[in-house]
Amino acid sequence: MKSDKHSNKIKRGSDVIALNIISYAFCGIVALVCLVPFVMIVSGSFSSEKAILQNGFSILPQQFSLEAYKTVFKDPIVILRAYCTTICLTIVGTVVGLLLQTMTAYVLSRKDFGWRNAFSLFFYFTTLFSGGLVPYFILITQTLNLRDNYLALLLPLIFSVYNLLIMKSYIMGIPDSLIEAAKIDGGGEFLILFKIVLPLIKPALATVGLFIALAYWNDWYNAMLYIKSEEKYPLQYFLYQRVNNIEAYKKLLSNAAASSVASAVSLPTQTLKMALTVVVTGPIVLAYPLAQKYFVQGITIGAVKG
Amino acid sequence: MKENGFRGFFKKLYKYRVFLLMLAPAVIYTLIFSYYPMTGIVTAFKKYNYAGGIWGSPWNGLENFKFFFKSGQAALVIRNTVLYNLLFIAVNTVTQIAVAVFLTELSNKYYRKITQSLMFLPYFISWVIVGVMAFNIFSSDYGFINRIITYFGGEKISFYTTPQVWPLILLFFSVWKGIGYGSVMYLAALMGIDTSIYDSAKIDGANVFQRIFYVTIPMIMPTTIILLLLAVGGIFKGNFDMFYNLVGNNGLLYNYTDVIDTLTFRALISSNNFGMSAAIGLFQSVLCFITVLIVNKLVGMYDKDYTLF
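Residues numbered from 1 in each chain as written. Chains lettered and ligands numbered in written order. Predicted model: local features only at pLDDT ≥ 70, side-chain atom pairs only at ≥ 80, totals over all residues.

### A few points about the overall build of chain A
Within chain A one finds 15 helices and 0 strands. The C-alpha radius of gyration computed for chain A amounts to 26 Å, which surpasses the reference 19 Å derived for 306 residues by more than 25%, pointing to a less compact arrangement than a globule. With the principal axes as the frame, chain A shows a C-alpha extent of 85 × 75 × 35 Å. (Helix = DSSP H or I, 4+ residues; strand = E, 2+ residues; numbered from the N terminus. Rg over C-alpha atoms; globule rule 2.2 N^0.38 Å.)

Structural data, given as structure tokens:
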């Protein structure tokens with residue numbers, strides 16, 4: 001009896017250990033696979049062009065060199081301009097978008113608003129059926145005549161029904177009694193929204209705000225469709241254009257550095273692509289540890305029906 | 001109290017005036033950016049020209065649709081879209097559940113936090129950057145994979161001219177980008193499992209693997225089924241960002257990589273064929289709408305709480 005129990009304990013121990021090893025190994029490998037492409041871009045950007053042309057890209061830098069970064073910053077104005085465009089769009093879009101979504105979600109969460117189901121359906125239906133790309137394209141470029149206008153980058157992302165639903169389910173979590181009490185005290189709806197509701201849904205504001213901000217930061221699609229002038233490119237589309245037309249970019253850079261004898265041919269190509277990608281990616285990778293927590297909240301809440 | 005008819009309507013209009021004022025911006029936005037374009041689907045039945053616009057161009061009957069289906073492109077892009085989505089849904093679900101299960105088994109808090117954060121990293125970057133990464137890894141001349149192949153004395157593979165390998169490459173990046181984000185839902189479901197069930201499984205003599213397969217997995221089945229159904233609802237939607245940034249305008253690969261969304265885009269931007277592009281878009285919208293209705297019905301049969309409407 002005793003020995004039986006003993007062997008049982010060992011058996012249980014060994015399967016726990018096996019699972020532990022598998023878990024640590026599996027998560028470690030997946031995490032590494034997620035990280036490696038980032039490392040390779042950074043390594044590529046710090047390698048010498050000659051080494052890359054000879055050996056190809058690797059996980060660690062080859063013949064450490066700052067050549068690519070020096071080339072990128074030969075003409076820093078263009079990158080700074082793209083950065084500015086993206087930062088401004090992100091800030092304006094996030095602030096206005098949050099305001100719009102919060103205000104709408106607040107009304108749709110009020111149980112004493114008799115038409116809230118009809119309006120909810122009005123918004124929700126747009127996620128089920130859409131006119132598609134062509135009518136939207138015609139709307140932006142012809143009806144509203146926003147081609148090459150910053151509004152064509154701002155407007156398409158400013159309101160989203162998914163964010164509205166996340167916001168609504170947060171606000172529904174506020175006890176009705178709080179709002180009732182404020183109403184009895186004679187607070188108008190705007191006052192209740194800004195003084196009572198907003199301070200209570202700070203986590204939701206952070207979550208939805210970050211979703212909106214990320215959408216603006218990573219947007220290249222609207223720029224590709226609607227923006228023609230290079231000086232209006234946001235960051236991601238700037239990167240897309242430069243990487244895919246790297247020769248044109250090199251020409252531009254060598255012209256910018258007219259005083260130097262460097263011709264376009266002598267500038268690096270492959271490492272330049274990598275350095276440019278690092279310059280564009282940097283801030284988001286540095287900011288994401290702070291943002292991750294709120295995204296996790298948002299995903300879990302978003303799954304709960306609004 | 002209850003009043004009907006016009007009088008009641010105007011009374012309510014007055015009563016709700018502040019609410020309506022607050023809703024107005026979003027309602028106007030949605031009317032302009034979502035409902036007005038729905039009227040633009042008539043473009044699908046027109047021979048579109050710039051001068052005439054949506055309403056002034058001559059009618060074209062079903063010619064745009066006929067062209068789409070007769071050219072053979074329809075069958076190809078629909079097949080590709082559905083097969084890719086099935087592949088992505090299947091593999092993503094399995095890997096995300098695996099990650100969630102193994103992450104919860106990690107006893108070291110820091111190891112768990114760090115690995116989870118690293119898995120979340122790809123979610124935050126744009127597909128443009130993923131496109132550069134794909135080039136970094138798969139480029140024929142300088143790619144990392146070819147570097148390894150040649151190191152071991154093999155022949156370089158020209159990935160960007162070999163369509164057959166693209167389902168795997170696209171699958172890799174789909175899993176890579178979604179794993180951290182996607183596993184969060186399953187993690188939440190795992191946290192919700194009552195630990196006393198584990199204890200009783202232990203007493204019944206189940207080893208940890210049996211516990212995972214006979215307790216954990218069945219317990220997160222409801223979440224899994226709901227997420228699966230929701231994913232199936234988008235089965236006719238191709239991830240344009242992904243396909244365009246990884247494949248781009250590389251016509252050599254289209255047989256294996258062209259999806260409905262990339263074809264719609266090319267018909268509009270490259271060929272300026274508004275009519276056909278709108279026809280494909282309408283066809284897709286209708287398919288998506290029907291799928292969502294069916295899926296919603298199925299979700300409702302499974303668990304009423306999770307139906308969308």
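### Concerning the overall build of chain B
Summing up its helical and strand segments, chain B has 15 helices and 0 strands in all. Against the 2.2 N^0.38 benchmark of 19 Å for 309 residues, chain B shows a C-alpha radius of gyration of 25 Å, more extended than a compact globule. Each principal axis of the C-alpha atoms in chain B carries an extent, and together these give about 70 × 70 × 30 Å. Restricting to contacts in chain B with at least 6 residues of sequence separation, those with at least 24 account for 67%. (Contact = placed C-beta atoms within 7 Å.)

### Comments concerning the interface of chain B and chain A
With 71 residues of chain B at the contact, the number on the chain A side is 77 residues. Residue contributions to the side of chain B that touches chain A peak at 12 residues, all from helix α2 (residues 17–39) of chain B. Looking at side-chain class alone, the side of chain B that touches chain A contains 50 nonpolar, 17 polar and 4 charged residues. (Nonpolar A, V, L, I, M, F, W, Y, C, P; charged D, E, K, R; others polar.)

### Looking at unusual backbone geometry
Glycine aside, residues mostly have negative phi, and peptide bonds are mostly found in the trans state. Even without glycine at this site, glutamine 63 of chain A takes up a positive phi of about 45°. With respect to the element layout, glutamine 63 of chain A can be found in the loop between α2 (49–55) and α3 (67–72). With a phi angle near 55°, asparagine 272 of chain B is a residue other than glycine that sits in the positive phi range. Of the residues examined, asparagine 272 of chain B has 10 C-beta atoms within 10 Å and is grouped as exposed. (Buried ≥ 20, exposed ≤ 12 C-beta atoms within 10 Å, placed from the backbone.)

### Describing the confidence of the model for chain B
All names here are of chain B. Averaged over chain B, the pLDDT score is 88; the fraction of residues at 70 or greater is 97%. In the model of chain B, helix α3 (residues 53–56) stands out as the element of lowest mean pLDDT, 80, in contrast to α2, which has the highest, 94. Model confidence for the complex: the whole-complex pTM is 0.89, and ipTM, which rates the interface, is 0.89. (pLDDT = per-residue confidence, 0-100.)

### Remarks on the domain arrangement of chain B
Looking at chain B, the domain boundaries give domain 1 (5–45) and domain 2 (71–306). Summarising the inter-unit geometry, the C-alpha centres of domain 1 of chain B and domain 2 of chain B are found 36 Å apart. (Domains from an automatic or database assignment.)

### Brief notes about helix α6 (residues 133–143) of chain A
Because an α-helix completes one turn every 3.6 residues, residues spaced three or four positions apart along the sequence face the same direction. Burial runs high along α6 of chain A: 8 of the 11 residues are buried. Leu133, Val134, Pro135, Tyr136, Phe137, Ile138, Leu139 and Ile140 of chain A are the residues of α6 of chain A that are buried. Check the buried side of α6 of chain A and you find it contacts α7 (151–154) and α12 (221–226) of chain A together with α2, α3, α14 (260–269) and α15 (274–302) of chain B. Looking one or two residues beyond α6 of chain A, the residue adopting positive phi is asparagine 145 of chain A, at roughly 55°.

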